[in-house]
Amino acid sequence: MKEKPLVSIIISVKNEGSWLRKTVNSLFQVKTTLPFEVIVVDNHSDDGCCDFLSSCNNPQLMLRTEKKIGIANARNAGASMAKGDYLIFCDAHLIFEDNWIEELIAPIQQGQAAATNPCIVDVQNPKRMGFGYTWGENLTIRWNPGQPFPFPSPFLAGGCLAISSEVFAKISGFDPCFQGWGYDDQEISLKLWLFGYQCLIQPKVKIRHYFRNSPPPYPVRIENLYFNLLRMAYLHFKEERIDQCKTLIKNTDLNKLEQRVFASNVWETRMKYQLLRKYDDDWFMQKFNIPF
């Protein structure tokens, strides 16, 4: 009898208050037929949200503490500890349903996709649902409408993103030079498509997500957000599209920002990606009718 695959669930945490406990409790309360481990990466929280984990006597649950490494590297840190055949990156404010793990990784197991997203349902407004997302003009984010069967999406939301550990290693994970919050899930989705992998939405799975009505409980620095945008552009876009991205950067010294990007091994990484990818950014924009 074939052994069931191990799934590693990686939760990046930054000042989540009581929500982390709710998320962890939900993980262990819902039904699944698959073995799984949970890796919580505490990215320098100062609100005590992870304190309860020290008293959890659960061999499936691990805690890793980091110091201000940003969400991309927090996820990479969790992945470096993972033993699973499949990785699922989760936000720390989710509520799960029975058999969600099996259904979410099914398209990956069946060879239909390298990575998947569920339907994301707003905890406070269950009629509000998102099925992955795309870009509009000026890279504005638009949630995809739902479909009854698994379907491709240009971008997978990082809040509940499943991927095979083999593919995650092949694409070098989330970009390790990204700073703070922002564009991490867009960059990894773009990279997957350009490298020839499929990203699918699995609408059979519905995960409830708490969307904050107030600013996040950690600082979001606009210069880091723009850094991530510009680094993503230099990694994956042609020159004209890089210039378009520059026009989106406001109230920031563009020259200094570019120097930071240039100092972040972006040219070396770009050359590596050029050799590995099967498609270019024109192909991606045309495939998904993105007006940018």
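Everything discussed here concerns the structure shown above.
Residues numbered from 1 in each chain as written. Predicted model: local features only at pLDDT ≥ 70, side-chain atom pairs only at ≥ 80, totals over all residues. Heavy atoms only, no water.

J.: How would you summarise the overall build of the chain if you had to cite specific residues and measurements?
T.: When helices and strands are tallied, the chain shows ten helices and twelve strands. Over its C-alpha trace the chain gives a radius of gyration of 19 Å, about what one expects of a compact globule, namely 19 Å for 292 residues. Dimensions of the chain along its principal axes, counting C-alpha atoms only, are 50 × 40 × 35 Å. Evaluated residue by residue, the chain yields a buried proportion of 54% over its 292 residues. Here the analysis covers contacts within the chain between residues at least 6 apart in sequence; of these, 77% occur between residues at least 24 apart. Entry remark: accessible area of the chain is about 13700 Å², with carbon and sulfur atoms responsible for 50%. Taking the average location of the 33 positive side-chain charges in the chain and that of its 31 negative ones, the two points are 2 Å from each other. (Helix = DSSP H or I, 4+ residues; strand = E, 2+ residues; numbered from the N terminus. Rg over C-alpha atoms; globule rule 2.2 N^0.38 Å. Buried < 20%, exposed > 50% of the residue type's maximum accessible area, 1.4 Å probe, protein only. Contact = heavy atoms within 4.5 Å. Areas by Shrake-Rupley, 256 points an atom, 1.4 Å probe, with all protein chains shown as cover. Lys, Arg positive; Asp, Glu negative; His and termini not counted. Charge placed at Lys NZ, Arg CZ, Asp CG, Glu CD.)

J.: Requested: an account of helix 7 (residues 239-247), with residues and values cited.
T.: Those residues of helix 7 not exposed but buried are Arg 241, Ile 242 and Cys 245. Projected down its long axis, helix 7 carries its buried residues within an arc of 105°, all on one side. Exposed side chains of helix 7 directed beyond 90 degrees from the buried face belong to Glu 239 and Glu 240. The inward-facing, buried residues of helix 7 contact helix 6 (222-236), helix 9 (266-276) and helix 10 (281-287). (Arc of directions from axis to C-beta.)

J.: If you had to explain the environment of Phe 155 to someone new, which residues and values would you point to?
T.: Along the chain, Phe 155 turns up in the loop between strand 10 (151-152) and strand 11 (160-164). With a relative accessible area of 0%, Phe 155 lands in the buried category. Remark: the alpha-carbon pair of Phe 155 and Tyr 226, spanning 71 residues in sequence, is separated by 19 Å.

J.: Can you explain the state of the cysteines? Please cite residues and give values.
T.: Under the defined criterion, the tally for this structure stands at zero disulfides. Of all cysteine sulfurs in the structure, the one in Cys 90 sits closest to Cys 160, which takes part in no disulfide; the separation is 4.2 Å. According to the relative accessible area criterion, Cys 160 is buried, its value standing at 0%. (Disulfide = S-S within 2.5 Å.)

J.: Quick rundown of unusual backbone geometry? Include the residues and the values.
T.: A positive phi angle, close to 50°, is found at Lys 68, a residue other than glycine. If you trace the backbone, Lys 68 turns up in the loop between strand 3 (61-66) and helix 2 (70-81). Residue Lys 68 is classed as exposed on the basis of its relative accessible area, which comes to 65%. With a phi angle near 55°, Asn 251 is a residue other than glycine that sits in the positive phi range. Residue classification places Asn 251 among the exposed positions, given a relative accessible area of 84%.

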